[in-house]
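Residue-level structure breakdown
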Amino acid sequence: MDREFSQSSLKNYAGICLDTSHVESERLEKNTNLYNYFIKILKQYPIGCAHISAINPQGGIDPYDNEFRHDLHLYKNLKQFDYLTRYVKFLSPITALEVENPISQQLKAIKYINRHILKN
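First, a word on scope: everything that follows refers to the structure included in this document.

The rules behind these values
Residues numbered from 1 in each chain as written. Predicted model: local features only at pLDDT ≥ 70, side-chain atom pairs only at ≥ 80, totals over all residues. Heavy atoms only, no water. Helix = DSSP H or I, 4+ residues; strand = E, 2+ residues; numbered from the N terminus. Buried < 20%, exposed > 50% of the residue type's maximum accessible area, 1.4 Å probe, protein only. Salt bridge = Lys/Arg side-chain N within 4 Å of Asp/Glu carboxyl O. Expected span 1.5 Å × (residues − 1). Arc of directions from axis to C-beta.

1. Some thoughts on the environment of D62
- Among the secondary structure elements, D62 is positioned in the loop between β3 (54-61) and β4 (68-72).
- On the basis of relative accessibility, which here comes to 14%, the residue D62 falls in the buried class.

2. Some points on the pattern of salt bridges
- Using the criterion set out here, one finds 3 salt bridges in the structure.
- For R27, the salt bridge identified is with E24, shortest N-O distance 2.8 Å. Residue R27 and its partner E24 are both found in helix α2 (residues 20-28); the two are separated by 3 residues, about one turn of the helix.
- Judged by its relative accessible area of 27%, R27 falls in the partly exposed class.

3. Describing helix α3 (residues 32-44)
- An ideal rise of 1.5 Å per residue puts 18 Å on 13 residues; α3 measures up with 18 Å between its terminal C-alpha atoms.
- Among the residues of α3, those classed as buried are Y35, F38, I39, I41 and L42. Buried residues along α3 cover an arc of 160° about the axis, so they all sit on one side. Seen from the open side of α3, the exposed residues pointing more than 90 degrees away from its buried face are N33 and K43.

In structure tokens, the structure reads:
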């Protein structure tokens, strides 16, 4: 969600497009005010769709932009999706996996998320 978005403008849309890894990154970076703001908005407005990426709880330097990050678009371990348990209640039926791993690995991630996170 764009930080420039005002709450009143959300009423003009079908719902929020939740990026779970960005919300989790704010929590891990101890941006408490922004994290709490995101959670408040997620509870207050409908979530139209979502996309999920992996998380590295320790963080690291992203090779693409040389920035320190927690969110990953290339996962190494399926446990990097375990953070999603915090956000299950916010996930939309329209949820996309946002990773750059090969399709075979993406299918394994989807299976893992469905079995261990969503319990389907």
